[in-house]
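Each chain is listed here by its residues.
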Amino acid sequence: MEQTTEYAPVFTGDNRKRLDEVLARYPAKRAGLLAALWMVQEQHGWVSDEAMAETADVLGLTPSYIKGVVTFYTMYHQHPVGKTFVQVCTTTPCNICGAEEVVEAFLEHTGCGDLGATSPDGKFTVIEVECLGACGFATPVMMNEDVIENVTPEKVPDLVKQYS
Ligand code: FES
């Protein structure tokens, strides 16, 4: 028999208070959307269709509007991800400095295997991203909220150990 997990609403209790504080800073509710989605991701680890519907309801927007925002920003996850979310810049300036090799090293040492896949131990998900604004420090990598500059394939095993 298939088990379904019931959706746990985000904007109740203290979260609702936090959201109301954010919304009070703006003239229109939609201005609080990015913060609201961040709260969803803090609680659930990703932004599901149910969470988009709840957010739409709370902010008086449509679920399709929310989806457009969630799919635009790489910081919002549209499916569950590993405990450490690794983003490697592979835009041209970093690419010519060896970013592809850094990506390969992360895929190998985390056990993820493929971009966007989560490692079997649930610890890592690795993706490629566009410019992280640290072009002079190729290859920059974000591991959750930490930005790490000058990453080379040789440094990857230690980083993986550090974030495991
Ligand atoms: S191109 Fe990689 S950080 Fe800008």
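Quick summary incoming for the structure in this document. (Residues numbered from 1 in each chain as written. Predicted model: local features only at pLDDT ≥ 70, side-chain atom pairs only at ≥ 80, totals over all residues. Heavy atoms only, no water.)

1. Quick notes on the nonpolar core
Counting residues in each nonpolar core, the largest one holds 20 residues, and the members touching the most others are F11, L37, V47 and I66. Where this core is concerned, the elements lending two or more residues are α1 (13-23), α2 (33-44), α3 (49-59) and α4 (63-72). Apart from residues lying up to four places away in sequence, V47 is in contact with L37, V40, Q41, M52, V70, Y76, H77 and Q78. Listed in part, the 18 residues of the second largest apolar core include L107, V141, I148 and L159. (Core = buried A, V, L, I, M, F, W, Y, C linked by side-chain atoms within 4.5 Å. Buried < 20%, exposed > 50% of the residue type's maximum accessible area, 1.4 Å probe, protein only. Helix = DSSP H or I, 4+ residues; strand = E, 2+ residues; numbered from the N terminus. Contact = heavy atoms within 4.5 Å.)

2. Overview of the pattern of salt bridges
Taken as a whole and assessed by the stated rule, the structure comprises four salt bridges. Ionic pairing is found between K17 and D14, a salt bridge with its closest N-O pair at 3.6 Å. Residue K17 and its partner D14 are both found in helix α1; the two are separated by three residues, about one turn of the helix. Among the residues examined, K17 registers a relative accessible area of 53% and is labelled exposed. A salt bridge links D49 to K67; the nearest nitrogen and oxygen atoms lie 3.4 Å apart. Placement of the pair is D49 in helix α3 and K67 in helix α4, with a sequence separation of 18 residues. Residue class for K67 comes out partly exposed when judged on its relative accessible area of 35%. (Salt bridge = Lys/Arg side-chain N within 4 Å of Asp/Glu carboxyl O.)

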